[in-house]
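Residue-level structure breakdown
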Amino acid sequence: MQIYNKIILGALLLVGGTTFAQQEGVITNYMYHMNSYNPAYVGVDGETMVTATFRQQWTGIPDAPSAEAVSFGTALGKNLGIGISLYNSNTFVESQTFTGIDFSYRLQLSAGTELYLGLKAGGNAYSVNTSGLETYNVNTDPSISSISRFNPNVGVGALLKSGKWYASLAVPRLLSTDRADNDNGVATAALAKPHAYATAGYEFLLNPATNLMLRPSAMGRYVSGAPVSVDFNAMLSFDDNFGMGGSYRTDGAFAGLVNFSIKKRLLIGYAYEVSTRSELASAKNTNEFLLRFLF
């Protein structure tokens, strides 16, 4: 079985390759890390919070993808927000850490409608250990050996919020940067292209007496040359103390989610994700843990 698992990893070389269209990291609990995708979210509603997520994909397979995400946001005065977002991932022979500083500015469009504009500045530390490919008999383009560098980047975003609904659009990394890719079994040098993220959500009050809320949301991802991927999420919240729900990703996964809050300050969450991709039939499942503290 160990040999078979390694064959799988060799065939699925590098998450951003032809098998996986999306080059940037995926988080099931994306709704708690929105400034990672859109800098306009920092300081929204005057809140200060820090969030951390730990994700382990494909339980039971050596060198399977893992990721850690940390985000922080706070308000500065009435209209300004500032934050930090960090995403670290390790996939087979590929590792990268993106760190960004996020800024937002609030525009009051009407009594109940606000527009937030965001700017992200940071960079990605990226490296590929090509010697690790030898075990899997994967050919390597000589140009890939030079990929171990820090790539600066910038991003922009906007968030429109009114009453119980919101909608946003962002490109957190505007610049294309060097990375590795899988071209028909050959590891080659390629470009990580900008991704566009669109999100929308609504809050339904189902029972005023118990503050029972239904919060559906969706996030779509688009990158040139790949199909659009959409996450559909719905959470049922009981007085903001306990929540449960589910998520479906159109390019191959569904998940169950649960979280609970301690004094409405500390949020602890867990997501159990199952892949629906036939080539990952033996890859088992993904576990994701969430911690968030609201100051």
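Residues numbered from 1 in each chain as written. Predicted model: local features only at pLDDT ≥ 70, side-chain atom pairs only at ≥ 80, totals over all residues. Heavy atoms only, no water.

The protein chain appears in an unreviewed UniProt entry as Type IX secretion system PorP/SprF family membrane protein from Arenibacter echinorum.

The subject of this paragraph is the pattern of salt bridges. Counted under the stated rule, the structure contains 12 salt bridges. The salt bridge involving D102 is made with K120; its shortest N-O contact spans 2.6 Å. With D102 in strand β4 (residues 94-108) and K120 in strand β5 (residues 113-128), this residue pair connects regions lying 18 residues apart in the sequence. The residues D102 and K120 share a single accessibility class, namely buried. Across the pair D231 and R249 runs a salt bridge whose closest N-O atoms are separated by 3.1 Å. Taken as a pair, D231 in strand β14 (residues 229-238) and R249 in strand β15 (residues 242-249) lie far apart in primary sequence, 18 residues in all. Of the residues examined, R249 reaches a relative accessible area of 7% and is grouped as buried. (Salt bridge = Lys/Arg side-chain N within 4 Å of Asp/Glu carboxyl O. Helix = DSSP H or I, 4+ residues; strand = E, 2+ residues; numbered from the N terminus. Buried < 20%, exposed > 50% of the residue type's maximum accessible area, 1.4 Å probe, protein only.)

Attention now moves to the pairing of strand β1 (residues 49-56). In this structure, β1 lies alongside strand β18 (residues 285-294), joined through 8 bridges in antiparallel fashion. If you follow Q56 over to β18, its bridge partner there is N287. The sheet contact formed by β1 and strand β2 (residues 66-76) spans 8 bridges and is antiparallel. Counted as the bridge partner of Q56 is S66 from β2. (Pairing = 2+ DSSP bridges.)

The next thing to look at is the nonpolar core. Grouped together as the largest cluster of nonpolar side chains are 14 residues, with contacts concentrated most on Y37 and L159. Those elements giving two or more residues to this core turn out to be α2 (34-37) and β2. Within the second largest apolar cluster, 5 residues are counted, among which are F92, V93, Y126 and V128. (Core = buried A, V, L, I, M, F, W, Y, C linked by side-chain atoms within 4.5 Å.)

Here we take up the pairing of strand β3 (residues 80-91). Relative to β3, β2 is paired through 11 bridges, and the arrangement is antiparallel. Within the sheet, the bridge partner assigned to S66 lies in β3 and is N90. Where β2 folds back on β3, the antiparallel hairpin that results is connected by 3 residues, among which G77 adopts a positive phi of roughly 75°. Sheet topology note: the β3/β4 ladder contains 12 bridges and is antiparallel. Within β4, the position partnered with G81 by the bridge is S104. What sits between the antiparallel neighbours β3 and β4 is a turn of 2 residues, in which F92 has the positive phi angle 60°.

Let's shift gears to the environment of G220. Mapped onto the elements of the fold, G220 is located in strand β13 (residues 212-223). For G220 and Y197, which are 23 residues apart along the polypeptide, the C-alpha to C-alpha distance reads 5.6 Å. Once you skip the residues sitting within four places of it in the chain, G220 turns out to touch A196, Y197, A198, S229 and V230. (Contact = heavy atoms within 4.5 Å.)

Geometrically, a pair of aromatic rings is defined through the distance of the ring centres and the angle of the planes. Within this structure, the stated rule accounts for 5 aromatic pairs. Measuring from centroid to centroid gives 5.0 Å for Y37 and Y197, while their planes differ by 55°, and the two rings are tilted. You can see Y37 sitting in helix α2 and its partner Y197 sitting in strand β11 (residues 195-202), a full 160 residues away along the chain. In this structure Y197 comes out as buried when scored by relative accessible area, which is 3%. With a centroid separation of 5.1 Å and 45° between ring planes, the pair formed by Y270 and F289 is classed as tilted. Separated by 19 residues along the polypeptide, Y270 in strand β17 (residues 266-275) and F289 in strand β18 bring together distant segments of the chain. In this arrangement the basic side chain of R173 is found over the ring face of F98, its NZ or CZ atom lying 4.1 Å from the centre. (Phe/Tyr/Trp six-rings, centres within 6.5 Å; stacked < 30°, edge-to-face > 60°. Lys NZ or Arg CZ within 6 Å of the ring centre and 35° of its normal.)

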